[in-house]
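Each chain, letter by letter, is given below.
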Amino acid sequence: MIFNAHFLFISGAEIGFILFIILMVFGSDKVPEIARGLGKGMRQIKNATNDLKNEISKGAKEQGVDVDISKDVKSEIDKVKEEVDEITGPIKRQF
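Residues numbered from 1 in each chain as written. Predicted model: local features only at pLDDT ≥ 70, side-chain atom pairs only at ≥ 80, totals over all residues. Heavy atoms only, no water.

**Q** Mind laying out the overall build of the protein, listing which residues take part and the relevant values?
**A** Regarding its fold elements, the protein presents three helices and zero strands. When the elements of the protein are put in sequence order from the N terminus, they spell out α-α-α. Counting all 95 residues of the protein, 2% fall into the buried class. For the protein, the accessible surface area stands at approximately 9,000 Å², while carbon and sulfur atoms represent 64% of it. (Helix = DSSP H or I, 4+ residues; strand = E, 2+ residues; numbered from the N terminus. Buried < 20%, exposed > 50% of the residue type's maximum accessible area, 1.4 Å probe, protein only. Areas by Shrake-Rupley, 256 points an atom, 1.4 Å probe, with all protein chains shown as cover.)

Below, the structure is given as structure tokens:
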């Protein structure tokens, strides 16, 4: 299944039109309150996810699990690069 992400690319005129509709529906006095509420909600979600990540990391450290996966990911990437270089080396030389 291919994900079509064309809806993510909206132009400035479309954003302006959406803001105009929001202004017409809610009124100029309610828009700042709505924006503040959205900002607070996004901040709470961010704080909750950070707390969750910290709790998972703390629990993993207590159990002796290595939580720094960046070393593992880097070593796997390096292995794949070496394999690709081994396979494409002769091909590159022929051209």
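**Q** How would you summarise helix α1 (residues 12–26) if you had to cite specific residues and measurements?
**A** Taking 1.5 Å of rise per residue, the 15 residues of α1 would be expected to cover 21 Å, and the 21 Å separating its terminal C-alpha atoms lies within 8% of that figure. Two residues or fewer after α1 comes Gly27, characterised by a positive phi angle close to 90 degrees. (Expected span 1.5 Å × (residues − 1).)

**Q** Just give me the short version of helix α2 (residues 31–62), but keep the residues and values in it.
**A** Over its 32 residues, α2 runs 46 Å from end to end, which matches the ideal 46 Å to within 8%, given 1.5 Å per residue. Where α2 ends, the next residue or the one after it, Gly64, has phi of about 85 degrees, a positive value.

**Q** Got a sec to walk through the pattern of salt bridges? Specific residues and values, please.
**A** According to the stated counting rule, one finds three salt bridges in the structure shown. Notably, a salt bridge pairs Glu55 with Lys58, separated by 3.8 Å at the nearest N-O pair. Taken together, the positions of Glu55 and Lys58, both in helix α2 and three residues apart, correspond to about one turn of that helix. Residue Lys58 is classed as partly exposed on the basis of its relative accessible area, which comes to 45%. Among the salt bridges present, the one from Lys79 reaches Glu76, with a minimum N-O distance of 3.5 Å. Residue Lys79 and its partner Glu76 are located together in helix α3 (residues 70–94), separated by three residues, close to a single helical turn. (Salt bridge = Lys/Arg side-chain N within 4 Å of Asp/Glu carboxyl O.)

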